[in-house]
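Okay, here's what each chain looks like letter by letter:
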Amino acid sequence: MIDEILTIILDGAIYASWLFIVALGLTFVFGVLKILNIAHGGIYALGAYSTATLVPIFYSLGMPDQLVILTMLVSALAVAIVITPIMERGILRRFYGQDEVLIVLVTYAIYLVLEDVQKLIWGMNSLYVYEPRELLGALELGSLYYVGYDLALIGLAIFCGLLLWLVLNKTKSGKIVLAVIHNPEISGCMGVNINKVYLAAFFVGAFLAALAGSFTAPLISVQVGISVAVVIESFAVVIIGGLGSIPGAVIGALIIGMARAACVHKLPEAEIFIMYFCMAGMLIFRPKGLFQGTQARKI
Amino acid sequence: MPLKLLNNVIFQSIFLMSLLIVVGVFIPNWLVFVITKAIAYGLVGLGIITLMRGGLVSFGQGFVFGIGGYTAGLLGTQAGLTDAMLLLFISFLFTGFIGLIIAPLLARYRDIFFAMLSLACSMVLYGILIKIDAIGGSDGFVLPESTYFGISPSPEYADYILYVVSILMTGVVSILLRYYYNSTPGLIALAVRENELRVEYLGSSAFNVTVLNFTIAAGLGGMGGALNGIALGHIDPEFTYWTTSGEFVFISILAGYLSVPAVFLAALLLELVRSFSGRYFPDTWQLILGVFLILSIIFIPSGIGSFFKQFFDKFKNK
């Protein structure tokens, strides 16, 4: 019984942690740019693919094993560096200030393009990079065995969340971003280069998506279609937590992660739609999510 | 709506419908099929347009599309009902009824929250459908050949007859819808889009109008789903998937909310792009579709309907 509860909690926490990293990028981009980015899932998949490509190259060079983590970071960074100018500067910038739903549709179109780009570059075959997962060994908790790498993901998620929160709240550039979130027009009048802030925010969001992808790559088989589930699940997380809220993303990811883990162990048939029930249930009681402040109505 | 305008609409619709029916004889069979599918998608798009007039966009019309399709399919396989017109009509009523039940829940939400909650509805349905093995699970099932007034047409004419039936039924629906748009609740919807609070102050209920719009949109989506199922002869949970819903949103954004025929034109464009890229670039059709979406949103942001409106306004001024 205790074992089962512990399993559910740990499984849930591991699942919640990668979900949180994806959702963190999504919610941050929405907070700053007011864009709900469906293509976020596509960037996640690119991160996974680039890791699956770079890690074998890394091993063939015969470097010390521990540096593989660095390779994964670099692959995520590379994806963000390539994708940000194309998406933000090239396409999304034309739509700022327009209807939210129209922008969602634009990002949906970009998502479709990214899906095929993955197929064109990496083909239809599945790629595997299981090596990094063996790096940290296994942990014994009572009668349960956990892979150390999986547990380290929880640490990574906490680190990403804390870092972003600290940068936003405790540094000058973070405060500038908060000012832009609050009112881009006034911040612009005060001398803030809004375009730069938008570009940087999008870069951070894309990097987080790619990071989640590259650190999940060792856990899964990297193949066509991995982005679809991510899109919907991370949407559910940010809707539950309230769009644009970092604490909301934490709670949302935990709710979905735990609910899913509980389902997998207790009621596997419900696994597919448990998160929609969470999302719908939350919206019924808190229509704007958990951490969304009240807004004045326009008369 | 003034009688003269209504007469005009009826006249134009009948002209357009007869033109399409005559043209249908001369065009190749695959194009007849593509147009029928475009009509099915256009019906769903028309539903979203109805919602858009009230300022809402549903990202989950796959929900009603799927319910309509499965209604038609289950009636065909389980109850032996194969009359296409009857199936379309029953799907319309039944899905509209389902819409009426869930509308009060959804009508409280606006903007992106409405879009996301409707998306959640469609994905819950998707999750349920792929789990029920009795109706084929993720493979779906095959629909029986449809009949018309008890007669089952020979295979070479079946596509054309379905095409004619769908044009007739869609024509009637479009005329009724045009009439609804110019009725009091239809016009209140436009006011809700502009400023909901003022509508409430003036004594009308934005909530009721939204519920009504959602119900109509659901019925139309159901009819579209049934037509799509009958035209394909097969139905599967993909009908309710969020990417399907995304295509409906695209159709309505491409069309804009100003014109009814523009919706079908947009749906036809999407179908043509999809069939051509599917045929000539089978591995990259999503890429082509995506680029087409982005370009059309960049170059015609307010929709094809705005061209129509400009054209007719010029015409009237002369």
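Just so it is clear, the structure is predicted and the values come from calculations on it, not from any experiment.

1. Quick word on the pairing of strand β2 (residues 144-147) of chain A
Note on strand geometry: in a regular strand, side chains alternate between the two faces of the sheet. Residues and elements named next belong to chain A. The two faces of β2 differ: Leu144 and Tyr146 on one face are buried, but Tyr145 and Val147 on the other face are not. Across 4 bridges, strand β1 (residues 138-141) lies against β2 in antiparallel orientation. Within β2, the position partnered with Glu140 by the bridge is Tyr145.

2. Notes on the nonpolar core
Judged by nonpolar contacts, the single largest core of 199 residues is most densely connected at Ile38, Ile43, Ile110 and Tyr111 of chain A together with Trp242 of chain B. By residue number, the principal contributor to this core is helix α1 (residues 2-33) of chain A, which donates 15 residues. Each residue touching Trp242 of chain B, except ones within four places of it in the same chain, is listed here: Ile38, Tyr108, Tyr111, Val228, Val231 and Ile232 of chain A together with Leu119 and Met123 of chain B.

3. Details of the confidence of the model for chain B
Looking at chain B as a whole, the pLDDT averages 85, with 97% of positions reaching at least 70. Within chain B, helix α9 (residues 206-232) of chain B carries the highest mean pLDDT (91), whereas helix α13 (residues 304-317) of chain B carries the lowest (73).

4. Overview of the pattern of salt bridges
A complete count under the given rule lists 6 salt bridges over all chains for this structure. Each of Glu247, Glu271 and Arg274 of chain B takes part in one network of salt bridges that share partners.

5. A few points about helix α11 (residues 274-285) of chain A
Here α11 of chain A contains 12 residues, and its C-alpha end-to-end distance of 17 Å stays within 8% of the 16 Å for a straight helix at 1.5 Å per residue. All of the buried residues along α11 of chain A are Ile274, Met275, Tyr276, Cys278, Met279, Met282 and Leu283 of chain A. Those residues of α11 of chain A hidden inside the fold are in contact with α9 (226-241) and α10 (246-266) of chain A together with α5 (111-131) of chain B.

6. Structural notes on the environment of Leu26 of chain A
Residue and element names in this part refer to chain A. Summarising the element assignment, Leu26 is placed in helix α1. Sequence separation of Leu26 and Ile274 is 248 residues, and the distance between their C-alpha atoms is 21 Å. Ignoring sequence-local partners within four residues, the contact set of Leu26 consists of Asn37, His40, Ser234, Phe235 and Val238.

7. What to know about the packing of aromatic side chains
The tally for this structure, following the rule as stated, stands at 20 aromatic pairs over all chains. Between Phe58 of chain A and Tyr59 of chain A, the aromatic rings sit 5.4 Å apart at their centres with planes inclined by 70°, giving edge-to-face as the arrangement. The class for Phe58 of chain A is buried, based on a relative accessible area of 6%. Judged by relative accessible area, Tyr59 of chain A falls into the partly exposed class, the value being 24%. Considering the side-chain rings of Phe65 of chain B and Phe248 of chain B, the 4.7 Å spacing of their centres and the 65° angle between planes classify their relative orientation as edge-to-face. On the criterion of sequence distance, the pair formed by Phe65 of chain B in helix α3 (residues 62-78) and Phe248 of chain B in helix α10 (residues 242-255) is long-range, its members being 183 residues apart. The exposure classification of Phe65 of chain B matches that of Phe248 of chain B, with both residues buried. One Lys or Arg, Arg53 of chain B, reaches over the ring of Tyr181 of chain B and ends 4.1 Å from the middle of that ring.

Cut-offs used in this document
- Residues numbered from 1 in each chain as written.
- Chains lettered and ligands numbered in written order.
- Predicted model: local features only at pLDDT ≥ 70, side-chain atom pairs only at ≥ 80, totals over all residues.
- Heavy atoms only, no water.
- Buried < 20%, exposed > 50% of the residue type's maximum accessible area, 1.4 Å probe, protein only.
- Helix = DSSP H or I, 4+ residues; strand = E, 2+ residues; numbered from the N terminus.
- Pairing = 2+ DSSP bridges.
- Core = buried A, V, L, I, M, F, W, Y, C linked by side-chain atoms within 4.5 Å.
- Contact = heavy atoms within 4.5 Å.
- pLDDT = per-residue confidence, 0-100.
- Salt bridge = Lys/Arg side-chain N within 4 Å of Asp/Glu carboxyl O.
- Expected span 1.5 Å × (residues − 1).
- Phe/Tyr/Trp six-rings, centres within 6.5 Å; stacked < 30°, edge-to-face > 60°.
- Lys NZ or Arg CZ within 6 Å of the ring centre and 35° of its normal.

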